[in-house]
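# Report on the structure
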Amino acid sequence: MATNRTFTMIKPDATGANNVGAITKMIEEAGFRIIAMKKTALSKELAGKFYAIHKERPFYNDLCAYMSSGAIVPMILEKDNAVEDFRKLIGATDPAKAAPGTIRNLFAKSIEANAIHGSDSDENAAIEGAFFFSQFEQF
Ligand code: RTP
Ligand code: MG
């Protein structure tokens, strides 16, 4: 996959609060093009697979329960320097530390229910995008 792509997922707290439109608007206004998008949900088992990298972390079980607690909106996004620029747009993991005007500053409820995911590398962006979308769903 081209290195100008990243993967994101609007999390259950934000879909539950009807913030999908507001968040998607911020993403587009920041210059990202939506290449793939859908509304779906994860079982606890699939959430565990998606976040397998965090298996040994103390928050892993809570995270899997939380990520399967409601609807999610996964997306593949395109922009120059996508991974790094998107992490800046969403802000720090803990909304109390997220810079003003970032998506997590505006919409996250807690360090766990923090509104949105953003891939941390080009390699993970490709893996995570392929977890949710086939090549025929990317435009
Ligand atoms: P993400 O992968 O979702 O974009 O978030 P991130 O890189 O900013 O943070 P990461 O360390 O990868 O953690 C993944 C997600 O786990 C939840 N978390 N809970 N209770 C806690 O201390 C804690 N720490 C992290 C968050 O939902 C975080 O986004
Ligand atoms: Mg992460």
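Per an unreviewed UniProt entry, the chain carries the name nucleoside-diphosphate kinase and comes from Chryseotalea sanaruensis. Entered under Cofactor (unreviewed entry) in the UniProt record, the comment concerning the chain runs "Mg(2+)". Heading Sequence similarities (unreviewed entry) of the UniProt record for the chain holds this comment: "Belongs to the NDK family."

## With respect to the pairing of strand E1 (residues 5–10)
Most of E1 sits inside the fold, with six of its six residues counted as buried. Every second residue of E1 is oriented toward a common face, with Arg5, Phe7 and Met9 on one face and Thr6, Thr8 and Ile10 on the other, all of them buried. Strand direction decides the pairing type here: E1 and strand E4 (residues 71–78), joined by six bridges, are antiparallel. Within E4, the residue paired with Arg5 across the bridge is Glu78. Inspection of the sheet shows E1 paired to strand E5 (residues 116–118) by three bridges, in the antiparallel sense. Each bridged residue has a counterpart across the sheet, and for Ile10 the counterpart in E5 is Ile116.

## A closer look at the nonpolar core
Judged by nonpolar contacts, the single largest core of 29 residues is most densely connected at Ile23, Leu77, Phe86, Ile103 and Ile116. Those elements giving two or more residues to this core turn out to be E1, helix H2 (20–29), helix H3 (44–50), helix H4 (60–67), E4, helix H5 (82–90) and helix H6 (103–107). With five residues, H5 is the largest single contributor of residues to this core.

## Some words on the site of ligand 1
Residues in contact with ligand 1, as listed here, are His54, Phe59, Leu63, Thr93, Ile111, Glu112, Asn114, His117, Gly118 and Asp120. Taken together, the residues of the shell around ligand 1 sort by class into three nonpolar, five polar and two charged.

So, how was this worked out
Residues numbered from 1 in each chain as written. Chains lettered and ligands numbered in written order. Predicted model: local features only at pLDDT ≥ 70, side-chain atom pairs only at ≥ 80, totals over all residues. UniProt positions renumbered as here; feature names shortened; annotations may be inferred. Buried ≥ 20, exposed ≤ 12 C-beta atoms within 10 Å, placed from the backbone. Helix = DSSP H or I, 4+ residues; strand = E, 2+ residues; numbered from the N terminus. Pairing = 2+ DSSP bridges. Core = buried A, V, L, I, M, F, W, Y, C linked by C-beta atoms within 7 Å. Near = placed C-beta within 6 Å. Nonpolar A, V, L, I, M, F, W, Y, C, P; charged D, E, K, R; others polar.

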